[in-house]
Amino acid sequence: MDLFLLLTTFVATLALGVPVAVCLGLASLAYILSAGLPVVIIPQRMYAGMDVFVLLCIPGFILAGNLMNFGGITERIIRLANAMVGWMRGGLAMANVADSMMFGGVSGTAVADVAATGGVMIPGMKKSGYPGDFAAAITAASATVGPMLPPSVPMIIVGALSGISVGKLFLAGAVPGVLMGIGMAITCYILAVRRNYPRQEWQGFRELIAAFLAAFWALAMTGLIIGGLLTGIATPTETAIVACLYAFVVGTFVYRELPIRAVPRIVVNSAVSSAGILALVGFANVFGSILASERIPQMLVSSVLAITDNPILVILLINVLLLAIGMFMETIAALIILFVPLLGLATSVGIEPLHFATFAVLNLMIGLTTPPVGVCLFVACNIAREPLAKVISAVIPFLISNILVLLLVSYYPPFATWLPNTLMGN
């Protein structure tokens with residue numbers, strides 16, 4: 001009865017549109033009151049979930065991304081993306097994908113990508129002759145590449161949950177992220193040719209070089225992050241702090257577009273965003289601990305293994321489950337609740353933890369563009385002022401492309417493991 005109350009409260013509040021963190025908290029409270037347990041369990045479990053050193057990366061990387069964004073990064077990356085691929089048929093759509101890949105290496109979050117670049121790219125695409133629903137769809141879909149590339153907030157969460165090296169997780173997502181970008185760029189080109197979408201004039205190598213030099217300091221942040229982790233000079237948390245200092249110096253003294261008076265407001269906004277994520281982590285940990293006490297993870301593993309212990313089928317079942325969960329639940333909450341039990345299931349059939357972590361995160365990134373809780377879709381729709389139904393229809397080709405990449409990564413582990421094992425060892 002207590003477990004039934006937990007699940008029905010969560011589903012009911014989620015259906016009413018209540019924020020996921022609050023849904024988790026209310027469901028946990030209902031269970032604890034019904035079971036006659038002390039309410040003090042909630043703050044204790046919340047603190048235990050948030051008291052993980054590596055989670056300090058999250059506010060650091062969010063602040064670094066916001067500083068770079070306010071410091072002129074968005075316009076420079078868009079200029080470089082346009083110079084690279086804007087001359088091709090459907091080039092502005094492909095530039096949108098390239099822009100997300102480069103911006104994702106700075107912000108580490110998909111929603112930040114949509115909000116920052118969508119305000120420029122979506123109106124620009126509509127003005128150039130692209131349908132509004134298509135512009136919103138490619139902006140939302142391409143934003144999911146960002147969290148696969150370092151720095152990645154979901155990968156930091158996975159590292160905190162599993163003890164897997166955050167540096168290895170960052171590298172493990174790089175190749176799948178590039179594959180996602182390539183797949184969506186090819187999809188853009190095919191659709192552009194079929195629908196006769198416009199293309200820009202080739203701007204010449206001089207513009208390409210000038211755009212690269214203008215964006216160099218922004219793109220170099222990714223190199224700074226990866227370099228610090230690979231050389232062992234800094235931990236992920238220390239790297240995040242160095243990235244903040246780097247972003248401040250570049251935005252203020254190199255690009256000269258980040259006024260010092262704006263820094264306090266950026267810090268406050270970053271703190272609010274970080275607090276929201278950490279509150280979600282805390283409430284999800286309470287919810288997850290209740291599921292663990294009810295032995296739900298063990299029941300899940302036993303149920304799947306009773307059906308099959310074939311790794312190919314287990315991977316397929318995990319993918320179907322995570323894709324379904326990603327349609328309804330926020331990424332971080334889903335990771336905290338499901339990652340550990342599913343990791344146990346994966347390792348029991350011989351799947352390497354680093355490989356599993358990569359395709360699990362990729363699954364949930366796809367969920368950011370699937371209704372009814374596709375956060376990136378909602379942000380893109382608001383910017384484009386297009387109805388959700390039209391954008392959902394337009395995003396389907398990109399969902400298919402990303403699912404094909406998911407299958408490649410799921411069934412060919414080197415796509416996830418080769419780069420981290422080569423650069424950081426087994």
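The rules behind the values
- Residues numbered from 1 in each chain as written.
- Predicted model: local features only at pLDDT ≥ 70, side-chain atom pairs only at ≥ 80, totals over all residues.
- Heavy atoms only, no water.
- Helix = DSSP H or I, 4+ residues; strand = E, 2+ residues; numbered from the N terminus.
- Rg over C-alpha atoms; globule rule 2.2 N^0.38 Å.
- Buried < 20%, exposed > 50% of the residue type's maximum accessible area, 1.4 Å probe, protein only.
- Contact = heavy atoms within 4.5 Å.
- Phe/Tyr/Trp six-rings, centres within 6.5 Å; stacked < 30°, edge-to-face > 60°.
- Expected span 1.5 Å × (residues − 1).

**What to know about the overall build of the protein chain**
- Assigned secondary structure in the protein chain consists of 21 helices and zero strands.
- Its C-alpha atoms give the protein chain a radius of gyration of 21 Å, within 12% of the compact-globule value 22 Å for 426 residues.
- Dimensions along the principal axes, computed over C-alpha positions, put the protein chain at roughly 70 × 50 × 45 Å.
- Buried positions account for 54% of the 426 residues belonging to the protein chain.
- Looking at the protein chain alone, contacts between residues at least 24 apart form 79% of all its contacts between residues at least 6 apart.

**Some points on the packing of aromatic side chains**
- Summed over all chains, the structure comprises 12 aromatic pairs.
- Centre to centre, the rings of Phe10 and Phe287 are 5.3 Å apart; their planes meet at 45°, and the pair counts as tilted. Placement of Phe10 in helix H1 (residues 2-15) and of Phe287 in helix H14 (residues 263-293) is noted, with a sequence separation of 277 residues between them.
- In this structure Phe10 comes out as buried when scored by relative accessible area, which is 8%.
- Ring centres of Phe356 and Phe359 lie 5.4 Å apart, and the angle between their planes is 85°; on these two criteria the pair is classed as edge-to-face. Note that Phe356 and Phe359 are positioned in helix H18 (residues 353-366) at a spacing of three residues, about one turn of the helix. In terms of burial, Phe356 and Phe359 fall into one category: buried.

**Focus on the side chain of Thr417**
- Among the secondary structure elements, Thr417 is positioned in helix H21 (residues 414-424).
- Its relative accessible area of 7% is what places Thr417 among the buried residues.
- Not counting the four nearest positions on each side in its chain, Thr417 is found in contact with Glu352, Leu354 and His355.

**Focus on H18**
- For H18, which comprises 14 residues, the first-to-last C-alpha distance of 20 Å matches the rise-based estimate of 20 Å (1.5 Å per residue) to within 8%.
- For H18, the buried fraction is high: 13 of the 14 residues fall into the buried class.

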